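# Survey of secondary and tertiary structure
Chain by chain, the residues:
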Amino acid sequence: MVTGDVAWDGTQAAERTGQTRVLLIEDDDGDALLVEELLLDGGAAVELRRARSMAEAKEELAGAACVLLDLGLPDTHELNGLRWLQRNVPRIAVVVLTGLADEHLGEEAVRVGAQDYLVKGQVDGQGLARVIRYAVERERSEELQRQLREAQIYAEENGRLERGLLPSPLVSDGGLDVAARYSPGGQRLLLGGDFYDVVETADGWVHAVVGDVCGHGPDEAALGVSMRVAWRTMVLADRPATEVLTVVDQVFRHERFKRHLFTTLCMISIDPSRTAGRLFLVGHPPPLLLTPEGVRELSAPVRSPVGVGDRDRWPSVEIELGDRWSLLMYTDGLIDGRMGAERRRLDVEGLAGLVETAHGRGQVGEPLLDDVVSRVRELNGGDLDDDMAVVALRWPAGESA
């Protein structure tokens, strides 16, 4: 047992001896000596350190598992010291020491958050050792419960973000096949800011979007959700594409939590004949078009990302699709993977080669996505560092493009 003015030798010493580190905050030398003797008599495996005031105790709390707190300290009043400990070191078990006249304060202390209270002169050594042991175990149990609750809340929030980022396509045309894949980068549990959506409007047009909020984490994911919901709302309201993008830009600028954040975005609108459409590239990699003739990039004037530049200018280009085709839209997490001994970036050209190889084996739709994503990860030597969202559209659904 360590007591008095002997230096507290910290975590390693406690782990070596198997002792519980206890800080006694007591200004009365006689009461402090009594506590020490009780612990010795009880054979408690305790490493004891003493502070004579709350001010002194604040310098000694590091590494303590339990605090024995006198309520009659010179620099605190009644439960103020306990409340300070609850606010500043909530993971340390606190056992309150009271005199006979203050027993009611001990009961109140337990209601405030102390693990237990003891009345001076009414406890023996074994009882004190047992109270310390139980207080530490209860605090550990409560901390575990807190962590479990936090994990549950974390999972629920993650689920809500996932539902917001990864919607069910709203397409009634049975001739159009839609497949999508999503994964956060680096095996993170939280989703990133990538998002996608596909919506068919009453006039027969099909609109698809893939976006990438820079950064990772729940804040970026929330931004992605707000943009996707704004995009779907405006599309379903049958607003012109440029107005849709303007509103998405306004929502992003209003909701972003840092001024330097931006979002890249690719949007394609396919006409009811399914042979042509319009492409918008907003700082985003170009989609790939798969036809019986092969695989090629779809080029378009590239505007600066959402949240940057002129918020009312949205250049686009008309695209010819043909009678049989597949479209692959993706975020840059898919092409930022590395390949070869030199760890070169895969890039759009490398992705096009993987798609063409899979397409040449007759793969379309979901099998093609799975093959390409699997091959990208294999070349990268494991999971991708960045988030990835991929959407494949195929027309007609029952045929190979």
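Per an unreviewed UniProt entry, the protein goes by the name Serine/threonine protein phosphatase and belongs to Actinophytocola xanthii.

As a further point, take the sheet that holds strand β2 (residues 46-51). Reading across the sheet, the five strands line up as β2-β1-β3-β4-β5 and stay open at both edges, with parallel pairing between neighbours. Of all strands in the sheet, those with a lone pairing partner are β2 and β5 (116-119), marking the two edges. When strand polarity is set aside, the average angle formed by the axes of neighbouring strands in this sheet is 20°. Pairing analysis gives six bridges linking strand β1 (residues 20-25) to β2, with the strands arranged parallel. Bridge pairing in β2 links Thr 20 to Val 46. Sitting on the sheet, helix α4 (residues 80-88) touches β3 (66-70) and β4 (93-98), and the angle it makes with β3 is about 160°.

Turning next to the confidence of the model for the protein. For the protein, the average pLDDT comes to 85, and 88% of its residues sit at 70 or higher. Across the protein, the element-wise mean pLDDT spans from 42 in helix α1 (residues 10-17) up to 97 in strand β10 (residues 276-282). Low pLDDT (under 50) marks residues 1-16, which in the prediction has 33 contacts with non-local residues, meaning those over four places away or in another chain.

Below, the discussion takes up empty space enclosed by the protein. Enumeration according to the criterion identifies one cavity of 30 Å³ or more in this entry. Counted as a void, the largest cavity has a volume near 50 Å³. Leu 290, Ser 326, Leu 327, Leu 328, His 359, Val 364, Gly 365, Leu 368, Ala 392 and Arg 394 are the residues that line the largest cavity. Considering each element in turn, the lining of the largest cavity owes the most residues, three residues, to strand β15 (residues 325-330). Tallied by class, the residues present in the lining of the largest cavity amount to six nonpolar, three polar and one charged.

On to the side chain of Arg 303. Among the structural elements, Arg 303 can be located in strand β13 (residues 302-303). One polar contact links the side chain of Arg 303 to the main-chain carbonyl oxygen of Arg 313, over a distance of 2.6 Å. Once you skip the residues sitting within four places of it in the chain, Arg 303 turns out to touch Leu 281, Val 282, Gly 283, Val 308, Gly 309, Asp 310, Arg 311, Arg 313, Trp 314 and Pro 315.

On to the packing of helix α9 (residues 347-360) against helix α10 (residues 365-380), then. At their nearest, the axes of α9 and α10 sit 10 Å apart, and the two run at 135° to each other. It follows that α9 is oblique to α10 by the angle criterion. The handedness of the crossing between α9 and α10 comes out as right-handed. Each of Leu 351, Leu 354, Val 355, Ala 358 and His 359 in α9 lies in contact with α10, whose residues at this interface are Leu 368, Asp 371, Val 372, Arg 375, Val 376 and Leu 379. Considered class by class, the residues forming the contact of α9 with α10 number eight nonpolar, one polar and two charged.

Conventions adopted
- Residues numbered from 1 in each chain as written.
- Predicted model: local features only at pLDDT ≥ 70, side-chain atom pairs only at ≥ 80, totals over all residues.
- Heavy atoms only, no water.
- Pairing = 2+ DSSP bridges.
- Helix = DSSP H or I, 4+ residues; strand = E, 2+ residues; numbered from the N terminus.
- Axes fitted to C-alpha atoms, helices over the stretch in contact; angles between N-to-C directions.
- Contact = heavy atoms within 4.5 Å.
- pLDDT = per-residue confidence, 0-100.
- 1 Å grid on protein atoms, 1.4 Å probe; cavity = no way out; pocket = protein on both sides within 12 Å on 5 of 7 lines; lining within 4 Å.
- Points joined across faces, edges and corners; volume = space filled by probe spheres on them.
- Nonpolar A, V, L, I, M, F, W, Y, C, P; charged D, E, K, R; others polar.
- Polar contact = N/O pair within 3.5 Å; in protein donor to acceptor, adjacent residues only side chain to side chain.
- Parallel < 35°, antiparallel > 145°, perpendicular 65-115°, else oblique.
- Left-handed = near helix turned anticlockwise from the far one by under 90°.

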